[in-house]
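Single-letter residue listing:
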Amino acid sequence: MTTFIWIAAVVVLVGIYLSWTAGRLDRLHARIDAARAALDAQLLRRASVAQEIGTSGVLDPAASIVLYQAAHEARQAEEDHREVAESELTQALRATLGEEAQLAAVREAPGGAQTLTELTAAIRRVPMARRFHNDAVRAARAVRRHRVVRYFRLAGHAPFPLAFEMDDEPPAAIGDRPAGS
Amino acid sequence: MRIGIVCPYAWDVPGGVQFHIRDLAEHLIRLGHEVSVLAPADDETPLPPYVVSAGRAVPVPYNGSVARLNFGFLSAARVRRWLQSGAFDVIHIHEPASPSLGLLACWAAQGPIVATFHTSNPRSRAMIAAYPILQPALEKISARIAVSEYARRTLVEHLGGDAVVIPNGVDVDFFADAEPKPEWQSAAARGQDEGGGPRAGTIGFIGRIDEPRKGLPVLMKALPAILAEIPHARLLVAGRGDEEEAVAGLPAALRSRVEFLGMVSDEDKARLLRSVDLYVAPNTGGESFGIILVEAMSAGAPVLASDLDAFAQVLDQGAAGELFANEDADALAAAAVRLLGDPARRAELRAHGSRHVRRFDWSTVGADILAVYETVTDGAASVAADERAGLRARWGLAKD
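Numbering of residues starts from 1 in every chain and runs along the sequence as written. The lettering of chains begins at A and the numbering of ligands begins at 1, in the order of writing. Local features in this predicted model are restricted to residues whose pLDDT is 70 or higher, and side-chain atom pairs enter the listing and the counts only when it is 80 or higher, whereas totals over whole chains, interfaces and linings include all residues.

(A) Looking closely at the overall build of chain A. Numbering goes from the N terminus for both helices and strands, where a helix is a DSSP run of H or I of at least four residues and a strand is a run of E of at least two. Secondary structure assignment for chain A yields 7 helices and 0 strands. Radius of gyration (C-alpha) of chain A: 23 Å, far over the 16 Å computed for a compact globule of 181 residues. Residues are scored as being in contact if the C-beta atoms we place from backbone atoms lie within 7 Å. Taking all contacts inside chain A whose residues are at least 6 apart in sequence as the whole, residues at least 24 apart take part in 75%. Every radius of gyration here is taken over C-alpha atoms, with the globule rule written as 2.2 Å times N^0.38, N being the number of residues.

(B) Focus on the sheet that holds strand 15 (residues 303-306) of chain B. Residue and element names in this part refer to chain B. Here 6 strands make up an open sheet; going across it, the order is 13-12-11-14-15-16 and the pairing parallel. The strands lining the two open edges of the sheet, one partner per strand, are strand 13 (258-262) and strand 16 (322-324). When strand polarity is set aside, the average angle formed by the axes of neighbouring strands in this sheet is 25°. Examined bridge by bridge, strand 12 (residues 234-238) and strand 13 share 4 bridges and lie parallel to one another. Think of it this way: DSSP has to see at least two bridges between two strands before they count as a pair. The convention used is that axes are lines fitted to C-alpha atoms, helices contributing only their stretch in contact, and that angles between N-to-C directions extend from 0 to 180 degrees.

(C) Representation of the environment of Ile 291 of chain B in the model. Residues and elements named next belong to chain B. Positionally, Ile 291 belongs in helix 11 (residues 291-298). The spatial distance from the C-alpha of Ile 291 to the C-alpha of Glu 26 is 18 Å, given a sequence separation of 265 residues. Leaving out residues up to four positions away in the same chain, Ile 291 has contacts with Gly 16, Asn 168 and Val 170.

(D) Fine view of the environment of Ile 230 of chain B. Residue and element names in this part refer to chain B. Along the chain, Ile 230 turns up in the loop between helix 8 (216-229) and strand 12. Working definition of burial: number of other C-beta atoms within 10 Å of the residue's own, with buried at 20 or more, exposed at 12 or fewer, and partly exposed in between, all C-beta atoms being placed from the backbone. Among the residues examined, Ile 230 registers 19 C-beta atoms within 10 Å and is labelled partly exposed. Separated by 36 residues in the primary sequence, Ile 230 and Asp 266 place their C-alpha atoms 30 Å from one another. Not counting chain neighbours up to four residues away, the residues in contact with Ile 230 comprise Gly 201, Val 337 and Leu 340.

(E) Representation of the confidence of the model for chain A within the structure. Per-residue confidence from the predictor is reported as pLDDT, which spans 0 to 100. Across chain A, the average pLDDT comes to 87, with 96% of residues at or above 70. Of all helices and strands in chain A, the one with the weakest mean pLDDT is helix 7 (residues 172-175) of chain A (75), whereas helix 3 (residues 82-97) of chain A scores best (92).

(F) Structural context of the nonpolar core. Residues and elements named next belong to chain B. What makes a nonpolar core is a set of buried Ala, Val, Leu, Ile, Met, Phe, Trp, Tyr and Cys residues, with links drawn between C-beta atoms within 7 Å. Core analysis: the biggest nonpolar cluster contains 161 residues, and Cys 7, Ala 105, Cys 106, Leu 293, Val 303 and Ala 336 have the highest contact counts within it. Each domain's extent is set by a domain assignment, obtained either automatically or from a database. Domain assignment of the residues forming this core places at least three in each of domain 1 (2-169 + 361-394) and domain 2 (172-358). Residues contacting Cys 7, with those up to four places away along its chain left out, are Val 17, Gln 18, Ile 21, Val 37, Leu 38, Ala 39, His 94 and Leu 101.

(G) Summary view of the domain arrangement of chain B. Residues and elements named next belong to chain B. Considered domain by domain, chain B is made up of domain 1 (2-169 + 361-394) and domain 2 (172-358). Look at where the C-alpha atoms of domain 1 and domain 2 centre, and you get two points 33 Å apart. With 13 residues of domain 1 in contact, the opposing surface of domain 2 contributes 9 residues. With 3 residues, the single largest contributor to the side of domain 1 that touches domain 2 is helix 5 (residues 149-159). Each residue receives one of three labels: charged for Asp, Glu, Lys and Arg, nonpolar for Ala, Val, Leu, Ile, Met, Phe, Trp, Tyr, Cys and Pro, and polar for the others, Gly being one of them. A class-by-class count of the residues in the side of domain 1 that touches domain 2 yields 4 nonpolar, 7 polar and 2 charged.

(H) Seen up close, the interface of chain B and chain A. Taken together, the contact pairs 23 residues of chain B with 23 residues of chain A. Contributions of two or more residues to the side of chain B that touches chain A are made by strand 9 (143-146) and helix 15 (362-378) of chain B. No other element matches the 7 residues that helix 15 of chain B contributes to the side of chain B that touches chain A. Each residue belonging to the side of chain B that touches chain A can be placed in one class, and the counts come to 7 nonpolar, 8 polar and 8 charged.

(I) How the structure looks around the confidence of the model for chain B. Residue and element names in this part refer to chain B. Scored by pLDDT, chain B comes out at a mean of 84, with 90% of its residues at no less than 70. When mean pLDDT is compared element by element in chain B, strand 1 (residues 2-6) scores highest at 94, while helix 16 (residues 391-394) scores lowest at 49. Below pLDDT 50 for its whole length, residues 396-400 participates in 4 contacts with residues either more than four positions away or in separate chains. The ipTM for the predicted assembly is 0.84, set against a pTM of 0.83.

(J) Just the packing of helix 1 (residues 2-56) of chain A against helix 5 (residues 112-144) of chain A, in detail. Residues and elements named next belong to chain A. Running from N to C, helix 1 and helix 5 point in directions that differ by 155°, and their axes come no closer than 8 Å. With respect to helix 5, the element helix 1 is oriented roughly antiparallel. The handedness of the crossing between helix 1 and helix 5 comes out as left-handed. Orientation categories follow fixed angle ranges, with anything under 35 degrees roughly parallel, anything over 145 roughly antiparallel, 65 to 115 roughly perpendicular, and all other angles oblique. Take the far helix as the reference: if the near one is turned anticlockwise from it by less than a right angle, the crossing is left-handed, and if turned clockwise, right-handed.

(K) The pairing of strand 11 (residues 202-206) of chain B, seen in detail. Residue and element names in this part refer to chain B. Counting buried positions over the 5 residues of strand 11 gives 5, a clear majority of the element. Bridge count between strand 11 and strand 12: 5 bridges; the pairing is parallel. Its bridge partner lying in strand 12, Thr 202 is registered against Arg 234. A clockwise path from the first strand over the helix to the second, with the strands pointing away from the viewer, defines a right-handed crossover. For the crossover from strand 11 across helix 8 to strand 12, the handedness is right-handed. Sheet analysis places strand 11 next to strand 14 (residues 278-281), joined by 2 bridges and oriented parallel. The residue of strand 14 that forms the bridge with Gly 204 is Tyr 279.

So this is what it looks like as structure tokens:
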């Protein structure tokens, strides 16, 4: 009888541990989803403002085309091409808005200052959101590598989380922090 | 936005983290956000209206010094109650890895959690042992902030993952607009030419006198060499500690060149920094940021600091302030003598410093922190008490 009680106690404890770990993993997956949604929002914001600047005709025609093309590609990209397309948009932004003179041209256009504020905010928040996303991915992977999680298939059918890697170095003139920005 | 901030250290004890939280909370309130700070405090301590007490902190030996921490069931219950009544959009926990309120809040909350890591302690055995306990709590944090690139590096090494770097904030204008105090200024700074070449010679030091980590002993060792070159130089020391002991290593004739000001108020600190010809930060280690350097630069004081990683970063790798080899009193003396005799270089440091500190102003730092809040709340529900502990409830055994 005592043996039975012991076995029952162990089974219950193991059950509690498994349920707790599954809950922990579930929370991590929820965190990745939230971080991914936030990253998507920032990337979309960035691409739309870039497209706006590209179509506005404020920049010279060559720069406008480069920027418009990159922004369009970034917005239309399929999931597995997304990282490349977003990196190309980053490079296009660096090429077209890398210098203070070009920023000044945008700022002078009607409504340009507001557009530029939005673009700066999006450009600064993309790396932030990406770091938070990749941090969540790393935490979830660390838990999923656990033997217990693998043997008991606690992750269920959730896909193995992947980091989002891209070039998010801001244009020089936007990246520095001049007074009051 | 409804923001909850968790402070791990006793509110009534002055400290860098507490000041940072106070300034952050007041900055956010000025911007129109609703802020509540949960902090350990004695029940009779007068608290600002936005602070909620989490009970008295208990002094415990931890990590080589006596820390005042909060733990136990009572504190945990208060944290839970604060979370439930606050209905925050985001909570911002400071020092989540210290065994205090930060960790309790991390444990008890779910939803968007932002955490700031202030210290960059070398990996300790306690941390390694506690890792399996810490990890489930720390992995709830949606966004990590490190106060410097150096702090970020240690964080990544110890806990893995990544963090964004947002420096500590300073109210730059408070320091820039302070009125210099004539008795703390040298003749040159007062604009009086008493003849006989350069007359600049007031050196400032602010920090705990009795804490060797703050580096006053290094400065004391360098002082005879400085005074040999510049006999009218004087050293103004502001900070708590035993004054007799501090000057014990100094020849009796030179002791009159050191003035102790004791603990100074924020206003006097700003005035002191405005008055001196050179601010020296000889700290020997354990610094993850160096807010005092930013304050000195805000006040327009040329800075000479030891070449700690964190300091080099704050000083823009030596462009906004000079660096000397850590713990090297001779190098400190040589650099101080050179700077005090070179008004052009000091003016250059002043100009570069006041431009450089704008990135540490609350207007910039506060905007960055808000950007983090907005990023984590973008795709998530608001903060709630974590009901994972309610296993009893799940089985229908809970009383309420």
